[in-house]
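So the chains spell out like this:
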Amino acid sequence: QVQLVESGGGLVQPGGSLRLSCAASGSIFSIYAMAWYRQAPGKQRELVAAITSGGSTNYADSVKGRFTISRDNAKNTVHLQMNSLKPEDTAVYYCNADQVQTLLHRFFEVWGRGTAVTVSS
């Protein structure tokens, strides 16, 4: 079994910063891609940023230049540094891991439970 646990959400003023972290647990050998998604009230879940095990990254246009995704392959963790936050960044942020290889299985599209980010003055 593989679990993802997010941390680091909270309330921040516009222009502020937050750092989200996600840790994957289980008998994990490797994870191909890790990503952050978000879902605002009344909206569909959307990709925020993704990173492969080789370090290739992809960002939503709305966060380019403000957010940075990074990961530690040895620790099976992924982080999202969010700077210059805007009220429209308010959402529940979900960690995602794809192609998670364990001793017996390969898991696809594993999700965390989410961490709430509120940007408000």
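Before reading further, recall that the structure is shown in the block above.
All figures in this text were calculated on a predicted structure; none of them were measured in a lab. (Residues numbered from 1 in each chain as written. Predicted model: local features only at pLDDT ≥ 70, side-chain atom pairs only at ≥ 80, totals over all residues. Heavy atoms only, no water.)

Asker: Mind showing me how you'd approach the nonpolar core here?
Answerer: In a soluble, globular protein the nonpolar side chains are often hidden away together inside. Of all hydrophobic cores here, the largest spans 32 residues; its most connected members are Trp-36, Leu-80, Met-82 and Tyr-93. Looking at this core, the elements that each hand over two or more residues are β3 (18-25), β4 (28-39), β5 (46-52), β7 (67-72), β8 (77-82), β9 (91-102) and β12 (115-119). With five residues, the single largest contributor to this core is β9. Beyond its immediate sequence surroundings of up to four residues, Leu-80 is in contact with Leu-18, Arg-19, Leu-20, Trp-36, Val-48, Ala-49, Phe-67, Thr-68, Ile-69 and Tyr-93. (Core = buried A, V, L, I, M, F, W, Y, C linked by side-chain atoms within 4.5 Å. Buried < 20%, exposed > 50% of the residue type's maximum accessible area, 1.4 Å probe, protein only. Helix = DSSP H or I, 4+ residues; strand = E, 2+ residues; numbered from the N terminus. Contact = heavy atoms within 4.5 Å.)

Asker: Please clarify how the environment of Tyr-32 should be interpreted in this entry.
Answerer: Its location among the elements puts Tyr-32 in strand β4. As a C-alpha pair, Tyr-32 and Thr-52 span 20 residues in sequence and 5.6 Å in three-dimensional space.

Asker: Help me understand the packing of aromatic side chains, please; the structure alone is not making it clear to me.
Answerer: We describe a pair of aromatic rings using the distance from one ring centre to the other and the angle between the two ring planes. Overall, the coordinates contain one aromatic pair when judged by the stated rule. Between the NZ or CZ atom of Arg-45 and the centre of the ring of Tyr-94, over which it lies, the distance is 3.7 Å. In this structure, Arg-45 packs its charged tip against the face of Trp-111, placed 4.6 Å from the ring centre. (Phe/Tyr/Trp six-rings, centres within 6.5 Å; stacked < 30°, edge-to-face > 60°. Lys NZ or Arg CZ within 6 Å of the ring centre and 35° of its normal.)

Asker: What is the right way to read the state of the cysteines from this model?
Answerer: The term disulfide refers to a covalent linkage connecting the sulfur atoms of a pair of cysteines. Here the structure, examined in full by the defined rule, presents one disulfide. Across the disulfide, Cys-22 is cross-linked to Cys-95 (sulfur-sulfur distance 2.1 Å). Around the S-S axis, the bridge from Cys-22 to Cys-95 shows a dihedral of about -85° and counts as left-handed. Of the two residues, Cys-22 is situated in strand β3 and Cys-95 in strand β9; the sequence distance between them amounts to 73 residues. Across the pair, Cys-95 and Cys-22 agree in class, each one buried. (Disulfide = S-S within 2.5 Å.)

Asker: What should I look at first to understand the sheet that holds strand β1 (residues 3-7) in this one?
Answerer: Hydrogen bonds along the backbone pair up the strands of a sheet, which may run parallel or antiparallel. With antiparallel pairing, four strands are arranged side by side in an open sheet as β1-β3-β8-β7. The sheet is open, and its two borders are formed by β1 and β7, each paired with just one other strand. Within the sheet, the average angular offset between the axes of one strand and its neighbour, ignoring direction, is 15°. One ladder, built from five bridges, connects β1 with β3; its direction is antiparallel. Paired with Leu-4 across the two strands is Ala-24, which belongs to β3. (Pairing = 2+ DSSP bridges. Axes fitted to C-alpha atoms, helices over the stretch in contact; angles between N-to-C directions.)

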